[in-house]
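Chains, contacts and geometry: an overview
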Amino acid sequence: MQNIVVLTGGVGGARFLEGMRAAFPDAQITAIVNTADDLWVFGVRVCPDLDSVMYTLGGGIDPERRWGRQDETWNAREELERYGEPEAWFGLGDRDLATHLVRSDRLRRGATLSQVTDELCERWRPGIRLVPMTDDEVATRLVVETPEGESDVHFQEYWIRYRAQVPIRSLRYEGIESAAPAPGVAEAVEGADVIVVAPSNPIVSIAPILAVPGMRELLRTAAAPVVGVSPIIAGGHVRGMADQLLGGLGLEVSAAGVAEFHGARSGGGVLDAWLVDTADAGTVSRIESAGIAARAVPLYMSDDDTTRALAEDALELARPLAGER
C-alpha cells in the first residue's frame, strides 16, 4: 500500500499523520485537510487545520498546546485587546501571524488556497502532501444560545470565545453547496491503495470534507478500502470538543455511534472498516452488524511508538479488504 490518502483535521488528525509518516516513510501520503474552520479575521485568512498539520509535521508546533507555533509571543493580540477590538478573542500569535499574512497576500494576488498551501509547505517540508478539501471558502457556522440570546457564530467563536460551553441549536457548512474538491483531491482518491479517516472531530473536521459536492461519490466508487479510526474512547473525546458537538446535535457519543454516523459503504456511507479502542471492544459486534469491519486496538497516541503502531493497525485492518474492492 504505497499510495495512502488520509482525511484529516485538527490536533488528533495532525498527530495521526505523524505516525503514518513514521510507519510508512516510503509511501506517497496525501492528507486531504478540512478547511471549514477557516476564517477571515483582522484582514487575514486563517486556516487552523492546515496550519496545525503543517506545523506539526514541519516541527514548528507548540508541543504543549499542540496548536499554534512553538516559542510563540502574543504582542499583536495584546495590542488588539488594548484597542478594544471585538474580535480580539481570536488569539493571533506573532509567529503564526506571519503565515497568515503570506497566505492572505497570495490569495489577494489571485493564487488559490491549494497553490498557497504548496508554497507554504516549501518552507515546512511536512514530508507528505497537504491538499485543502476545497479552494472555495466554506465556513462551519452554529446557531447557539449565548447569555445574550440566540446567536449565529463561526465555529471558531463557539470554540474559542465560548469554549464550547453554550448549547447548540443547529449547525451548517456555509458555502458548501457551491464548493468543489480542490485540484488533486480526485486524483489522490482514485489512485489510492488505502483511504484512512483520521481520528479527527467527526462533525467539524471529517463531515465538512465529506459534504463537499462530489466527495462522497469519489469515496464510494474508489477502488481502495476506507478505514476509519474512532476519535471517541470509552464514551468521550481524547482532545477537542467532539462530545459537546455530537451530544449537542443529538448524536450518540460513542465509537459505535460515530461509525454509524459515517455509515458503511455498502449502505451508502463511506466506511469499510473502523478501529475502536480496547476499552470499546464490546462494540465491535454492533459495528460489524452495521456492515463495517471492526477491530479493537489501543488508540491513545501517547507517544511516538503508540502513534506509529496505530497507523500500522489502520493499514493492517485495510489489507484484507483491498482485494474485495
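Here the residue numbering is sequential within each chain, running from 1 through the sequence in written order. Reporting in this predicted model follows two pLDDT cut-offs: at least 70 for local features of residues, and 80 or more for side-chain atom pairs to be given and counted; totals over whole chains, interfaces and linings ignore these cut-offs and use all residues. Heavy atoms from the whole structure form the basis of all side-chain values; hydrogens and water molecules are not counted.

Its 15 residues give helix H4 (residues 94–108) an end-to-end C-alpha distance of 21 Å, which sits within 8% of 21 Å, the value for a rise of 1.5 Å per residue. Burial classes: relative accessible area under 20% of the type maximum marks a residue as buried, over 50% as exposed, and values in between as partly exposed (1.4 Å probe, protein chains only). Strands here are runs of E lasting at least two residues and helices are runs of H or I lasting at least four, both read from the DSSP assignment and numbered beginning at the N terminus. Residues of H4 that are buried include every one of Asp96, Leu97, Thr99, His100, Arg103 and Ser104, and no others. One face of H4 carries all of its buried residues, which in axial projection span an arc of 155°. In what follows, a contact means two residues having at least one pair of non-hydrogen atoms within 4.5 Å. Along its buried surface, H4 packs onto strand S3 (39–41), strand S4 (44–46), helix H2 (48–58), helix H3 (75–82) and helix H5 (113–124). Positive phi shows up at Gly110, right after H4, with a value of about 110°. The span expected for a helix works out to 1.5 Å for each residue beyond the first. Our arc is simply the arc of the directions from the helix axis toward the C-beta atoms.

The nonpolar core is taken to be a set of buried Ala, Val, Leu, Ile, Met, Phe, Trp, Tyr and Cys residues, with the residues joined through side-chain atoms within 4.5 Å. Within the largest apolar cluster, 55 residues are counted, with the highest numbers of intra-cluster contacts made by Leu7, Tyr158, Ile195 and Trp274. Listed in part, the 43 residues of the second largest apolar core include Met20, Leu50, Cys121 and Leu310.

Before going further, it helps to examine the environment of His262. If you trace the backbone, His262 turns up in helix H11 (residues 255–262). Judged by its relative accessible area of 4%, His262 is buried. Linking His262 and Leu210, residues 52 residues apart in sequence, is a C-alpha distance of 9.2 Å. Beyond its immediate sequence surroundings of up to four residues, His262 is in contact with Pro202, Ile206, Leu210, Arg216, Gly269, Val270, Leu271 and Trp274.

Quick look at the sheet that holds strand S1 (residues 3–8) now. With respect to topology, seven strands assemble into an open sheet ordered S5-S2-S1-S9-S10-S13-S14, the strand pairing being parallel. Looking along the sheet, the strands with just one partner apiece sit at the ends: strand S5 (129–132) and strand S14 (293–296). The sheet shows a mean angle of 20° between the axes of neighbouring strands, direction not considered. Sheet topology places strand S9 (residues 194–197) next to strand S10 (residues 226–229); three bridges connect them, and they run parallel. Looking at the pairing, Val197 lines up with Gly228 of S10. Strands are labelled as partners when DSSP assigns at least two bridges between them. Whenever a helix is involved, its axis is fitted only over the stretch in contact; in every case the axis is a line through C-alpha atoms, and angles between N-to-C directions fall within 0 to 180 degrees.

Next up on the list: unusual backbone geometry. Residue Phe42 is not a glycine yet carries a positive backbone phi of 55°. Topologically, Phe42 is positioned in the loop between S3 and S4. Phi is positive for Arg125, which is not a glycine, with a value near 50°. Along the chain, Arg125 falls in the loop between H5 and S5. Residue Arg125 is classed as exposed on the basis of its relative accessible area, which comes to 64%.

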